[in-house]
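# Overview (structure and organization)
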Amino acid sequence: MIYSQITGIGSYVPEKVLTNEELCSIVDTSDEWITSRTGIKERRIAEAGLTTSDIAANAARRAIKRSGVSPMDIELIIVGTITPDMIFPSTACIVQEKLGLKNAAAFDVSAGCSGFIYSLSIADSFIKSGRYKNALVIGADLLSRITDYTDRSTCVLFGDGGGAAVLSANTENTRGILSTHIHSEGGHDNILKLPAGGSLMPATAQTVNNLDHYIKMKGSELFKYAVKYLKDVAEEAIKFNGLKPEDIDLFVPHQANIRIIEATAKKLCFPMERVFVNVEKYGNTSSGSIPIALDEACVSGRIKEGDLVLIDAIGAGLAWASSIIRW
Ligand SMILES: CC(C)(COP(=O)(O)OP(=O)(O)OC[C@H]1O[C@@H](n2cnc3c(N)ncnc32)[C@H](O)[C@@H]1OP(=O)(O)O)[C@@H](O)C(=O)NCCC(=O)NCCS
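Residues numbered from 1 in each chain as written. Predicted model: local features only at pLDDT ≥ 70, side-chain atom pairs only at ≥ 80, totals over all residues. Heavy atoms only, no water.

### Things to note about the overall build of the chain
Secondary structure summary: the chain contains 11 helices and 13 strands in total. On C-alpha atoms alone, the chain measures out to a radius of gyration of 19 Å, which is about the 20 Å that the 2.2 N^0.38 rule sets for 327 residues. Taken along the three principal axes of its C-alpha coordinates, the chain extends 55 × 45 × 35 Å. Burial statistics for the chain: of 327 residues in total, 55% are counted as buried. The contacts of the chain with a sequence gap of at least 6 include a subset with a gap of at least 24, amounting to 77%. Charged side chains of the chain number 33 positive and 38 negative; the gap between the two group centres comes to 2 Å. (Helix = DSSP H or I, 4+ residues; strand = E, 2+ residues; numbered from the N terminus. Rg over C-alpha atoms; globule rule 2.2 N^0.38 Å. Buried < 20%, exposed > 50% of the residue type's maximum accessible area, 1.4 Å probe, protein only. Contact = heavy atoms within 4.5 Å. Lys, Arg positive; Asp, Glu negative; His and termini not counted. Charge placed at Lys NZ, Arg CZ, Asp CG, Glu CD.)

In structure tokens form, the structure reads like this:
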């Protein structure tokens, strides 16, 4: 049996912090509303000129260094993102060039906020099949570039950042990804989409005037799907591996809203002490959310070697996913 083990993890967030207080001078909102409805206190915003591939490459450099894997031995790069540098070439190819990973195949995955777990699932399959020995999996998004800072119902939620994991083949023990579970349900673009800039609505002066290049979201409708599907997909992973919720050492859910996290944990009977939360610092960083949280959980000692870690996420599509990892 080949396991794909996370041999190195890293993350990167831009330095500039945008606090709730600062947002109050931009839109009609309050720290009290944002904190009580979302749990978010601040988020990071990339300075002009910084791109998603920069965030991805910075996170990946840290992950590769910690893994001890030679850059020349990385054979696959997958970037989960909904904010690529350009529609094409892929951000993964741009990262390949920035990091000099000459021996890798590279492509992007569009799965909304579950982009990292989708990418992990694909890389895991390549490694378990014996096709590749080392893969670089990245989740990175620069949501501030597609956020309408006149729309208070969305602009308070999102931030910029990314994380990366090196996956390596392991045949010696059972450390690694035990399973991944990915699901989609089309037909929900009425509740979450970026309407313009694609083939349906190419960029014109009118699409720019209409603010159609920004995220459009019906938050309260999405909230209900998020709690249901995050709970279902976590349960699926636990059952698939013959485990019980109490066997999981740390649950690292998508960091979108503390109320979604708490409602999901409650339905799963997870005490909050075993749930990792950093949404207050970064808001929702989409594909960056899970790998940033995993990196912080490792660095702070919340994840230790041998721990069972459950991750799950949901986003545009709808697309949702989970995985259990023996760390
Ligand atoms: C967006 C979200 C925080 C809104 O919380 P909510 O409890 O559903 O609030 P509603 O959208 O029902 O809005 C309630 C009221 O607050 C107001 N409001 C919305 N944003 C506000 C803000 N930033 N500041 C102050 N008031 C705000 C609304 O206008 C509404 O006022 P009304 O009742 O007078 O019409 C929540 O629905 C959410 O997190 N959804 C999931 C979003 C998500 O995770 N998306 C990413 C992909 S998973």
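From this point, the narrative continues.
### As for the layout of surface pockets
Quantified by volume, the second largest pocket comes out at close to 160 Å³. What lines the second largest pocket is D189, K193, L194, P195, G198, S199, L200 and M201. Its residues assigned to classes, the lining of the second largest pocket comprises four nonpolar, two polar and two charged. (1 Å grid on protein atoms, 1.4 Å probe; cavity = no way out; pocket = protein on both sides within 12 Å on 5 of 7 lines; lining within 4 Å. Points joined across faces, edges and corners; volume = space filled by probe spheres on them. Nonpolar A, V, L, I, M, F, W, Y, C, P; charged D, E, K, R; others polar.)

### Some points on the site of the ligand
Lining the immediate surroundings of the ligand are 22 residues, of which T29, R37, R152, G219 and N257 lie closest. R152 has a polar backbone atom sitting 2.9 Å from a nitrogen atom of the ligand. A distance of 3.4 Å separates an oxygen atom of the ligand from a polar atom in the backbone of S220. Protein contacts shield 72% of the accessible area of the ligand, which totals 970 Å² for the unbound molecule. Of all the secondary structure elements, the ones that give two or more residues to the shell around the ligand are α2 (31–38), α6 (152–155), α8 (219–240) and α9 (258–267). Of the residues forming the shell around the ligand, the biggest block, four residues, is contributed by α8. (Near = heavy atom within 4 Å. Polar contact = N/O pair within 3.5 Å; in protein donor to acceptor, adjacent residues only side chain to side chain. Areas by Shrake-Rupley, 256 points an atom, 1.4 Å probe, with all protein chains shown as cover.)

### What to know about the sheet that holds strand β13 (residues 319–326)
With mixed pairing, four strands are arranged side by side in an open sheet as β8-β13-β12-β11. The outermost strands of the open sheet, each flanked by one partner alone, are β8 (176–184) and β11 (250–253). Each neighbouring strand pair of the sheet contributes to a mean axis angle of 10°, computed without reference to strand direction. When β8 meets β13, the two strands line up antiparallel, connected through eight bridges. Paired with H181 across the two strands is S322, which belongs to β13. (Pairing = 2+ DSSP bridges. Axes fitted to C-alpha atoms, helices over the stretch in contact; angles between N-to-C directions.)

### Notes on the domain arrangement of the chain
When its domains are assigned, the chain resolves into domain 1 (3–174) and domain 2 (177–326). Taken together, the contact pairs 54 residues of domain 1 with 48 residues of domain 2. Summing the contributions of domain 1 and of domain 2, the shared interface buries around 3800 Å²; its carbon and sulfur component is 62%. By the criterion of area lost to domain 2, the three top residues of domain 1 are C113, I117 and Y118, representing 18% of everything that side buries. Joining domain 1 to domain 2, the criterion identifies one salt bridge. (Domains from an automatic or database assignment. Buried area = accessible area lost by both parts, 1.4 Å probe. Salt bridge = Lys/Arg side-chain N within 4 Å of Asp/Glu carboxyl O.)

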